[in-house]
Amino acid sequence: MVGIQEDEEMDSLGFRVTVGGSVPGEDCRWLSAWGGLSVAQCLGRTVGGSVPGEDCRWLSAWRGLSVAQCLGRTVGGSVPGEDCRWLSAWGGLSVAQCLARTVGGSVPGEDCRWLSAWRGLSVAGFSLRQAHPSSKIESLRVTVDFLKVPLGLKKPVLKEVAVGPPKRPQPAALERYKARRSDAMDTESQYSGYSYKSGHSRSSRKHRDRRDRHRSKSRDGSRGDKSVTIQAPGEPLLDNESTRGDERDDNWGETTTVVTGTSEHSISHDDLTRIAKDMEDSVPLDCSRHLGVAVGATLALLSFLTPLAFLLLPPLLWREELEPCGTACEGLFISVAFKLLILLLGSWALFFRRPKASLPRVFVLRALLMVLVFLLVVSYWLFYGVRILDARERSYQGVVQFAVSLVDALLFVHYLAVVLLELRQLQPQFTLKVVRSTDGASRFYNVGHLSIQRVAVWILEKYYHDFPVYNPALLNLPKSVLAKKVSGFKVYSLGEENSTNNSTGQSRAVIAAAARRRDNSHNEYYYEEAEHERRVRKRRARLVVAVEEAFTHIKRLQEEEQKNPREVMDPREAAQAIFASMARAMQKYLRTTKQQPYHTMESILQHLEFCITHDMTPKAFLERYLAAGPTIQYHKERWLAKQWTLVSEEPVTNGLKDGIVFLLKRQDFSLVVSTKKVPFFKLSEEFVDPKSHKFVMRLQSETSV
Amino acid sequence: MSAWWAMGQQRVEIHKLRQGENLILGFSIGGGIDQDPSQNPFSEDKTDKGIYVTRVSEGGPAEIAGLQIGDKIMQVNGWDMTMVTHDQARKRLTKRSEEVVRLLVTRQSLQKAVQQSMLS
C-alpha cells in the first residue's frame with residue numbers, strides 16, 4: 001500500500017501515461033493491460049496523487065470508458081482507498097448515487113459488499129481509513145451532480161443525493177419494500193443485521209422509485225396523446241431509454257420490471273398464498289373422513305371377535321349338555337388360533353396405515369368390501385343364533401368347525417381386499433400425460449385401473465418429486481420485450497354510431513392492423529434471452545469458484561491431531577465461518593435466476609452445515625442451487641400445499657377410460673391430465689436358425705433396368 | 001467404315017416399354033466406381049470401373065434397339081457414365097420423365113477391329 005514507485009513518461013507499451021487530466025480517445029483497457037500493477041503504480045500514472053491499496057481491476061471493469069470518463073467519475077479529487085468493484089456490483093448506478101450512499105463517514109447498516117472486497121473490514125474500519133475531508137468531497141460531488149441537471153434525465157436522482165448523508169431514508173424504504181415483496185432473505189437480514197443485504201433493498205427502492213417516475217411520466221405523456229392514432233412501432237418512450245440505460249449487466253434480474261398487471265399497491269403473490277394457506281388451516285376437521293375410519297375399525301373388530309364368541313358361547317351357556325371335545329376338535333382349535341393370528345397380521349399390514357389423502361367421494365371398492373364383510377358376519381351370526389344358540393346344539397365339534405369356516409371366509413375376504421385394493425392397479429393400462437398449465441412442464445406416467453380420484457392422489461404424489469418447483473417469477477416476458485406492444489391502435493368511427501356493430505368490427509380491425517404491423521419484439525426477446533443466458537453463466541462461474549475456494553478453508557479434524565479447543569468448531573460454526581466468502585456470489589446468482597424466494601439465508605446455512613457434516617464436495621453442495629429441484633426439496637410449510645381441487649366432467653368414482661381429461665387445480669396453477677390407453681401389442685415370433693447366418697462379398701452388383 | 005465406327009462407338013436409341021407403372025429398358029447393368037472392377041467379365045482392362053451391359057432380355061426394347069451384352073455404356077442422353085456409382089447409373093437410366101434414352105456404347109469387337117485396322 002505504501003511505496004509509490006517512480007514512473008516514466010512512457011510506459012512499456014508506448015502509451016503516453018496520463019496525468020490527472022483528460023487524455024481524449026484513450027481507453028481504460030490499457031490500464032488492465034498493465035496486468036495487476038499496484039494501484040500506486042497505476043494511479044501514480046493517472047492522477048497526481050497517491051492512492052494506496054487500490055487495484056487496477058476496477059478500471060478494467062468499466063469496459064472501455066475513456067480515461068477521462070473514468071477519472072471524471074471517481075474523483076472529485078482522490079478518494080483514498082476506494083475500490084470501484086462495488087460500483088459494478090451495484091449494476092451500473094451512477095457514481096453520484098454510489099458515492100452518496102457510501103461516503104459521509106460511517107453509515108451504519110450500509111451495504112458492505114464493497115467492503116467485503118476489503119476482506120471483511122467493518123464500516124468503522126473503513127471510515128478510519130477514509131480520509132478526513134469526506135464531507136468536503138461530498139459537497140464537491142453534490143456540485144458535480146447539480147451540473148447534470150439540465151440533461152433532465154438525472155434530475156429525479158438528484159433528489160436523493162441532495163438529501164445528504166446524515167439523513168437516513170432507509171428504514172422507511174425497507175418497510176415499504178417489505179410490504180411490497182416479502183422476500184424472505186431480506187426480512188431475515190433485517191433481524192440478523194447482515195449488512196450486505198440492505199443494499200438489495202436500496203437498489204430495489206431506487207428501482208421502484210424509477211418505476212414510479214416512469215409511470216407518472218407515461219401518464220403525463222398520454223394526456224397529450226388523444227390526437228395520435230398510431231404510434232410508430234420503433235419509437236420507444238423516453239423513459240424506457242432512461243430506465244434501460246443504467247440498468248446494465250449484473251443486476252438485470254433485480255431491476256427489470258416484470259409486467260404482471262398488478263399495481264404497486266396490490267398485495268404480492270406471496271401474500272396471497274399466505275392468506276390462502278391460513279384459510280386452509282382454519283378449515284374444521286373433516287368429520288366424514290373420520291367416520292369412515294371409525295366404521296371400518298368397528299367392523300373389523302367385530303369380525304375378529306366373532307369366531308372367538310362362537311367358540312366360547314356354548315361352554316358358557318350349556319356346558320352340561322355339551323359333548324366333550326375330541327382330538328379332531330382340539331386340533332381345530334390350533335388351526336383357528338393360527339388363522340386368526342394370520343388374519344390379524346394381514347389386516348395390520350394392509351389396513352393400518354395413515355391415509356394419504358381425503359377423497360372427495362366415497363372410495364367405492366373399500367366401501368364394497370366393508371359391506372361384504374358386514375353381510376358375511378351378519379349372516380353367520382344369524383345362522384349361529386337360530387340353529388346353534390336356540391337349538392342348543394350338542395356337538396361341540398360342529399360348532400368349532402363352523403367357527404373355522406368363518407375364519408376361512410374372513411381370510412378369503414382379506415385376499416379379495418388385497419387383490420382389489422393393491423394388485424389391480426399395478427399392471428399398467430393407461431398412459432397419463434400431466435402438464436402444468438403455467439409453464440408447460442410435463443411428464444408421462446403409466447397407471448393401471450383406478451378410479452379418477454385415486455389416480456389424482458397418485459399423480460399428486462408423483463408431482464411433488466418429479467416436477468420442478470413452480471416459480472412465478474419465470475413466467476413473464478421481460479418488460480423491454482412487451483413494452484413495444486403497449487403502444488396500440490386507436491380506432492375512431494366516422495359517421496353514424498352503431499355501437500354493437502362497431503365493437504366487434506373495431507376489435508377485428510385493431511387485431512388485423514396489429515398483425516400487419518411489423519413487429520420486432522421477437523428480436524428483442526432473442527437478444528434478451530441471449531444476454532440473460534450469458535449473465536447467468538457468468539454468475540454461475542463466479543459462484544462455483546467462490547464455493548470451491550470457501551470449501552478449501554476448512555477441513556475435518558483428524559483424531560490424532562491435537563488442536564486448541566478454541567480452534568475446534570462444530571459444523572454450524574464452520575458453516576458460518578465460510579459462508580461469508582460465498583454469500584455475495586450466491587446471492588447474486590440466486591437473484592439472476594430468480595430463485596431467491598426459495599432460499600433463505602438460514603436454509604443455505606443449514607444446507608452448508610449438512611454438506612460439511614457429511615463430507616460433501618462443493619459440487620454436491622451446489623447441486624441444490626444450480627438446478628431448480630422438485631417441490632418437495634424446499635422448505636415444507638411454504639411450498640407443500642394441502643388443498644387441491646379435482647375438476648372433472650366425469651364422476652370421479654368412475655374408472656379411467658381412454659380419452660379422459662381432468663384438472664387438478666391450485667390457486668395459481670393447475671395440472672392438466674389426459675389419458676391414453678396403452679396400445680395392444682401383437683407380438684409375433686420368428687425363428688432364426690443360427691446356421692442360417694451366411695455372408696458373401698458384394699463384389700459386383702447387377703441391376704436390371 | 002464410317003467415322004464413328006472408327007472410334008469404336010455405337011449410338012443406340014432405346015424406346016422404353018411401359019409395364020404397368022414402370023418404364024423398362026430390358027437389360028441389366030453392372031459396374032460403377034463403387035464396385036469391384038476385377039469381377040467384371042466383359043471388360044478388357046480389369047481396372048475399368050465403367051458401366052457394362054451384363055444381360056439383355058429377349059425381345060426387350062434394348063435388344064430391339066441393338067444393344068448387345070458386354071457393351072460399355074459411355075453416355076446416357078448426354079450424361080457421362082464412365083465415372084458414376086452403380087446407383088447413379090441406374091437412376092440415370094430409369095428416369096421416369098424420359099421415354100427414350102440415347103446411349104453411347106463401346107463394343108469390344110469394334111475396338112478390336114479398330115485396333116487391328118490401325119496396326120495393319
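This section reports on the structure supplied with the text. (Residues numbered from 1 in each chain as written. Chains lettered and ligands numbered in written order. Predicted model: local features only at pLDDT ≥ 70, side-chain atom pairs only at ≥ 80, totals over all residues. Heavy atoms only, no water.)

**Brief notes about the overall build of chain A**
Keep this limit in mind: The way it works is that DSSP assigns letters per residue, a run of H or I at least four long becomes a helix, a run of E at least two long becomes a strand, and they are numbered from the N terminus. Whether a residue is buried, partly exposed or exposed follows from its accessible area with a 1.4 Å probe, protein chains only, as a fraction of its type maximum: under 20%, in between, or over 50%, in that order. By the convention used here, residues are in contact when the closest approach between their heavy atoms is within 4.5 Å. Accessible surface area values rest on a Shrake-Rupley calculation with a 1.4 Å probe, where residue burial reflects the displayed protein chains alone.
Counting its regular elements, chain A contains 28 helices and six strands. Burial statistics for chain A: of 705 residues in total, 37% are counted as buried. For chain A, contacts bridging at least 24 residues in sequence account for 73% of all contacts bridging at least 6. Carbon and sulfur atoms form 59% of the exposed surface of chain A, whose accessible area is close to 41700 Å².

**Section: the pairing of strand E1 (residues 430-436) of chain A**
Residues and elements named next belong to chain A. Keep this limit in mind: Any two strands with at least two DSSP-identified bridges between them are counted as paired.
Residues Phe430, Leu432, Val434 and Arg436 point to one face of E1 and are all buried, whereas Thr431, Lys433 and Val435, pointing to the other face, are not buried. Pairing of E1 with strand E2 (residues 442-447), which is carried by six bridges, proceeds in the antiparallel orientation. Within E2, the residue paired with Lys433 across the bridge is Phe444. Hairpin connection from E1 to E2: five residues lie between these consecutive antiparallel strands, with Gly440 at a positive phi of about 80 degrees. Two elements, E1 and strand E5 (residues 670-677), share seven bridges in a ladder whose sense is antiparallel. When the sheet's bridge partners are listed, Lys433 is paired in E5 with Ser674.

**Examining the interface of chain A and chain B**
This is how it is decided: A simple way to read buried area is as the amount of 1.4 Å-probe accessible surface that goes missing from two parts once joined, with both sides added. When a carboxyl oxygen of Asp or Glu lies within 4 Å of a side-chain nitrogen of Lys or Arg, that pair is called a salt bridge. Whenever a nitrogen or oxygen atom comes within 3.5 Å of another N or O atom, the pair is scored as a polar contact, on the condition that within protein one atom can donate a hydrogen and the other can accept it, and that pairs from neighbouring residues in sequence are kept only if both atoms are in side chains. Here the term charged refers only to Asp, Glu, Lys and Arg, the term nonpolar to Ala, Val, Leu, Ile, Met, Phe, Trp, Tyr, Cys and Pro, and the term polar to all other amino acids, Gly among them.
Listed as interface residues are seven residues of chain A and, on the opposing side, 18 residues of chain B. Both sides together, the interface formed by chain A and chain B hides about 1100 Å², and carbon and sulfur atoms give 51% of it. In this structure, the connection of chain A to chain B is made through one salt bridge. Across the pair A:Glu702 and B:Arg55 runs a salt bridge whose closest N-O atoms are separated by 4.0 Å. Between the two partners, chain A and chain B, sit six residue pairs in polar contact (both at pLDDT 80 or more). Looking at side-chain class alone, the side of chain A that touches chain B contains two nonpolar, four polar and one charged residues. Where strand E6 (residues 702-704) of chain A and strand E4 (residues 27-31) of chain B come together, three bridges link them in antiparallel fashion. Residue A:Ser704 lies in a different strand from E4(B), and its bridge partner there is B:Ser28.

**Concerning the state of the cysteines**
Residues and elements named next belong to chain A. So the rule is basically this: A pair of sulfur atoms, both from cysteines and within 2.5 Å, is called a disulfide here.
With the rule as written, the count across this model stands at one disulfide over all chains. Bridging Cys325 to Cys329, the disulfide has an S-S length of 1.9 Å. On the S-S bond that ties Cys325 to Cys329, the torsion sits near -90 degrees, and the link is left-handed. The class of Cys325 is partly exposed, set by a relative accessible area of 23%. Since its relative accessible area comes to 1%, Cys329 is described here as buried.

**Points about the nonpolar core**
Residue and element names in this part refer to chain A. The criterion, for reference: Nine residue types can take part in a nonpolar core, namely buried Ala, Val, Leu, Ile, Met, Phe, Trp, Tyr and Cys, and a core is a set of them joined through side-chain atoms within 4.5 Å.
Ranked by size, the top nonpolar core spans 27 residues in total, and within it Phe310, Tyr380, Tyr396 and Val400 carry the most contacts. Of all the elements in the fold, those that place two or more residues in this core are helix H17 (287-317), helix H18 (327-351), helix H19 (364-390) and helix H20 (396-423). Looking at this core, the element that brings in the most residues is H20, giving 11 residues. If sequence neighbours within four positions are ignored, Val400 has contacts with Leu311, Cys329, Leu332 and Phe333. If you look at the next biggest cluster of nonpolar residues, it comprises 26 residues, including Ala546, Val547, Ile578 and Leu590.

**A word on the pattern of salt bridges**
Residues and elements named next belong to chain A. Evaluation of the coordinates by the stated rule reveals 17 salt bridges over all chains. Linking Arg537 and Glu533 is a salt bridge whose minimum nitrogen-to-oxygen distance equals 3.8 Å. Linking Arg537 with Glu533, this pair stays in helix H24 (residues 521-551), spanning four residues, or about one helical turn. Arg572 is the salt-bridge partner of Glu609, the closest N and O atoms lying 3.5 Å from each other. Within this pair, whereas Glu609 is found in helix H26 (residues 601-613), its partner Arg572 is found in helix H25 (residues 571-592), the two being separated by 37 residues in sequence.

**Comments concerning a nonpolar patch on the surface**
Convention followed: Note on patches: the residues involved have over 30% relative accessible area and no salt bridge, like charges join within 9 Å, and the nonpolar side chains Val, Leu, Ile, Met, Phe, Trp and Tyr join within 5 Å.
Side chains of A:Ile334, A:Phe338, A:Leu341, A:Leu344, A:Leu345, A:Trp348, A:Phe351 and A:Phe352 sit close together on the surface and give an oily, nonpolar patch of about 890 Å² of accessible area. Mapped onto the elements of the fold, A:Ile334 is located in helix H18.

**Concerning the packing of H19(A) against H20(A)**
Residues and elements named next belong to chain A. Here is the rule we go by: Axes here refer to lines fitted to C-alpha atoms; in helices the fit is confined to the stretch in contact. Angles between the N-to-C directions go from 0 to 180 degrees. Angles are sorted into four bins: roughly parallel if under 35 degrees, roughly antiparallel if over 145, roughly perpendicular if 65 to 115, and oblique for all others.
The interhelical angle for the contact between H19 and H20, taken along N-to-C directions, is 175 degrees, at an axis separation of 10 Å. As judged from the angle between their axes, H19 and H20 are roughly antiparallel. Of the residues in H20, those touching H19 at Leu365, Arg366, Leu369, Leu372, Val373, Leu376, Tyr380, Phe383, Tyr384 and Ile388 are Val399, Phe402, Ser405, Leu406, Ala409, Leu410, Val413, Leu416, Ala417, Leu420 and Leu421. Tallied by class, residues from the contact of H19 with H20 come to 19 nonpolar, one polar and one charged.

**Considerations on the packing of aromatic side chains**
Residue and element names in this part refer to chain A. Using the following cut-off: When the centres of two rings from Phe, Tyr and Trp lie within 6.5 Å, Trp using its six-membered ring, the rings pair. Their planes under 30 degrees apart give stacked, over 60 give edge-to-face, and anything left gives tilted. Cation placement over rings: the criterion is NZ of Lys or CZ of Arg within 6 Å of the ring centroid and within 35° of the ring normal.
Overall, the coordinates contain 19 aromatic pairs over all chains when judged by the stated rule. Taken together, a centroid distance of 5.1 Å and an interplanar angle of 40 degrees make the contact between Tyr463 and Phe467 tilted. Classification of Phe467 by relative accessible area gives buried; the value is 0%. The rings of Phe310, Tyr380, Trp381, Phe383, Tyr384 and Phe402 are connected pair by pair, giving a single aromatic cluster. The side chain of Arg436 reaches across the aromatic face of Phe669, ending 5.9 Å from its centre. Positioned above the aromatic ring of Phe467, the side-chain terminus of Arg443 is 5.3 Å from the ring centre.

**Looking at the sheet that holds E2(A)**
Paired through their backbone hydrogen bonds, the strands of a sheet run either parallel or antiparallel. Residue and element names in this part refer to chain A. Read from one edge to the other, the open sheet built from five strands follows the order E2-E1-E5-E4-E3, with strand pairing classed as antiparallel. Since the sheet does not close on itself, it has two edges, and those belong to E2 and strand E3 (645-648), each with one partner. Pairs of neighbouring strands in the sheet enclose a mean axial angle of 25 degrees, with direction left out of account. Across the sheet, helix H21 (residues 452-466) lies against E1, E2, E3, strand E4 (661-665) and E5, angled at about 55 degrees from E4, the strand it touches most.

**Some details on helix H3 (residues 86-93) of chain B**
Condition: The arc in question is traced by the directions running from the helix axis to the C-beta atoms.
All of the buried residues along H3(B) are B:His86, B:Ala89, B:Arg92 and B:Leu93. For H3(B), the buried positions fall inside an angular range of 130 degrees around the axis, keeping them on one side. Packed against the buried residues of H3(B) are E6 of chain A together with E4, strand E5 (51-56), strand E6 (72-76), strand E7 (79-80) and strand E8 (100-106) of chain B.

**Some thoughts on the packing of H17(A) against H19(A)**
Residue and element names in this part refer to chain A. Selection rule: If you view the pair so one helix is near and one far, a crossing is left-handed when the near helix is turned anticlockwise from the far one by less than a right angle, and right-handed when it is turned clockwise.
The contact between H17 and H19 brings their axes to 10 Å, and the two run at 20 degrees. Taken together, H17 and H19 sit at an angle that is classed as roughly parallel. Crossing angle aside, the handedness with which H17 passes H19 is left-handed. Facing Gly292, Val295, Gly296, Leu299, Leu302, Ser303, Thr306, Ala309, Phe310, Leu313, Pro314 and Leu317 of H17, the residues of H19 in contact are Met370, Val373, Phe374, Val377, Tyr380, Trp381, Tyr384 and Leu389. Residue composition of the contact of H17 with H19, grouped by class: 16 nonpolar, four polar and no charged.

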